[in-house]
Amino acid sequence: MRTSRYLSLAKLLPALSLLPTVSSSITTARTGSFTETFAVSHTQAESLPIATTYDSMKDRTTVRLKPVQISAAKDKYISVQMSPAFSFSGRIPLLSRPSIIDFELQTVVKGRLRTDLYVVFKVDGEEIFLSSNREAIKRPVPGRVWVGERLVFRMPYETFVKITNAATVEIKFDAVTFALGEEQKHALRDFLTYMTPR
């Protein structure tokens, strides 16, 4: 399918948890890979929690920004979060910038998911269409008849940089538009610094 493109959820959805809780532990998966998750103080303002995962079977490291809320309830959407990531071979520090960013969006919606969902990123008015993979999440909030969805967009590095430098960034889900505020763009700019070769 061809599609495109930190307010706290604590008060609205205390039970919501789309990704594993950030911790300082090391866990072993059935595949033989392990995960290291930690908070890195990357700015003077506050820590930017980053999850770093090494897959020993694939010999590949993935660096991910923890989910950042874009919007609370709006229209049929209960929540929209973003969690971009990039990966590289081996475990040594990044030697070159990534060419592709897996820009993940996580949504919780009322009712059913649309099979023909149309998503577009608008960066300073320019519409950008990206290919994506979609995955449904059943009952993301216990006790609620809501549906979750994870959408992963293959975003070129240059497009990610353009987003971090843009004055306005919007993500449109069919007729519903969500704008990134300064807090969200600040998180993306901080995350961009992790893509700099060491």
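Residues numbered from 1 in each chain as written. Predicted model: local features only at pLDDT ≥ 70, side-chain atom pairs only at ≥ 80, totals over all residues. Heavy atoms only, no water.

## Here's the deal with the overall build of the protein
Counted only if it meets this: A run of H or I in DSSP counts as a helix once it spans at least four residues, and a run of E counts as a strand once it spans at least two, with each numbered from the N terminus. Working definition: with a 1.4 Å probe on protein chains only, accessible area under 20% of the residue-type maximum means buried, over 50% means exposed, and in between means partly exposed. Computed with the Shrake-Rupley method and a 1.4 Å probe, the accessible areas treat only the protein chains shown as cover for residues.
If you tally the helices and strands in the protein, you get two helices and 14 strands. Out of the 198 residues in the protein, the part that is buried amounts to 43%. For the protein, the exposed area adds up to about 10700 Å²; of that, 52% sits on carbon and sulfur atoms.

## Concerning the environment of Met82
Our working definition: Should any heavy atoms of two residues lie within 4.5 Å, those residues are considered in contact.
Position of Met82 relative to the elements: it lies in strand β6 (residues 77–82). Measuring from C-alpha to C-alpha, the distance between Met82 and Ile70 comes to 6.8 Å, with 12 residues separating the pair along the chain. Leave out the neighbours within four places in its chain, and Met82 touches Lys66, Pro67, Val68, Ile70, Phe103, Glu104, Leu105, Leu180, Gln184 and Leu188.

## Considering the pairing of strand β13 (residues 169–173)
This is how the line gets drawn: We call two strands paired when DSSP finds no fewer than two bridges between them.
On β13, burial follows the alternation: Val169, Ile171 and Phe173 on one face are buried, whereas Glu170 and Lys172 on the facing-out side are not. Pairing of strand β9 (residues 119–123) with β13, which is carried by five bridges, proceeds in the antiparallel orientation. Bridge pairing links Val120 to Lys172 in β13. Across four bridges, β13 lies against strand β14 (residues 176–179) in antiparallel orientation. Bridge pairing in β14 places Ile171 opposite Phe178. In textbook terms, the turn of a hairpin is the stretch between consecutive antiparallel strands, and for β13 and β14 this stretch comprises two residues, one of which, Asp174, has a positive phi near 55 degrees.

## Observations concerning the sheet that holds β14
Convention followed: Axes here refer to lines fitted to C-alpha atoms; in helices the fit is confined to the stretch in contact. Angles between the N-to-C directions go from 0 to 180 degrees.
Pairing within the open sheet is antiparallel, and its four strands lie in the order β10-β9-β13-β14. Looking at which strands have only one partner, the edges of the open sheet turn out to be β10 (126–128) and β14. On average, adjacent strands in this sheet sit at an angle of 25 degrees to one another, irrespective of strand direction.

## Observations regarding the side chain of Thr164
Mapped onto the secondary structure, Thr164 falls in helix α1 (residues 157–165). The contacts of Thr164, once residues within four sequence positions are left out, are Leu188, Arg189 and Leu192.

## Digging into unusual backbone geometry
Unusually for a residue other than glycine, Asp59 sits at a positive phi of about 55 degrees. For Asp59, the location among the structural elements is in the loop between β3 (48–55) and β4 (60–65). For Asp59, a relative accessible area of 38% corresponds to the partly exposed category. A positive phi is found at Asp174, a non-glycine position, where the angle reads about 55 degrees. Mapped onto the elements of the fold, Asp174 is located in the loop between β13 and β14.

## Structural notes on the confidence of the model for the protein
Detailed reading of predicted coordinates is not advised where the pLDDT is low. Stated precisely, the cut-off is as follows: Every residue gets a pLDDT, meaning the predictor's confidence in that residue, from 0 to 100.
Per-residue confidence for the protein averages 79 on the pLDDT scale, and 76% of its residues sit at or above 70. Mean pLDDT per element in the protein: strand β1 (residues 26–28) is the minimum at 31, and α1 is the maximum at 98. Within the model, the stretch residues 1–46 combines pLDDT values under 50 with 118 contacts to residues more than four positions away or in other chains.

## Focus: α1
Defined as follows: Read the arc as the range of directions from the helix axis to the C-beta atoms.
Within α1, burial applies to Tyr157, Thr159, Phe160, Ile163 and Thr164. Viewed along the axis of α1, the buried residues span an arc of 160 degrees, placing them on a single side of the element. Looking at the buried positions of α1, the neighbouring elements they touch are β8 (100–110), β9, β10, β12 (146–156), β13 and α2 (182–192).

## Regarding the packing of aromatic side chains
Formally: Each aromatic pair joins two rings of Phe, Tyr and Trp (for Trp, the six-membered one) with centres within 6.5 Å, and gets the label stacked for planes under 30 degrees apart, edge-to-face for over 60, and tilted for any other angle.
The tally for this structure, following the rule as stated, stands at 10 aromatic pairs. A centroid spacing of 5.3 Å and a plane angle of 55 degrees characterise the contact between Tyr77 and Phe173, whose relative ring orientation is tilted. Separated by 96 residues along the polypeptide, Tyr77 in strand β6 and Phe173 in strand β13 bring together distant segments of the chain. When its relative accessible area of 4% is taken as the criterion, Tyr77 is described as buried. Both rings, one in Phe103 and one in Phe160, keep their centres 6.3 Å apart while their planes meet at 55 degrees; by these two values the pair is tilted. With Phe103 in strand β8 and Phe160 in helix α1, this pair connects stretches of sequence that are 57 residues apart.

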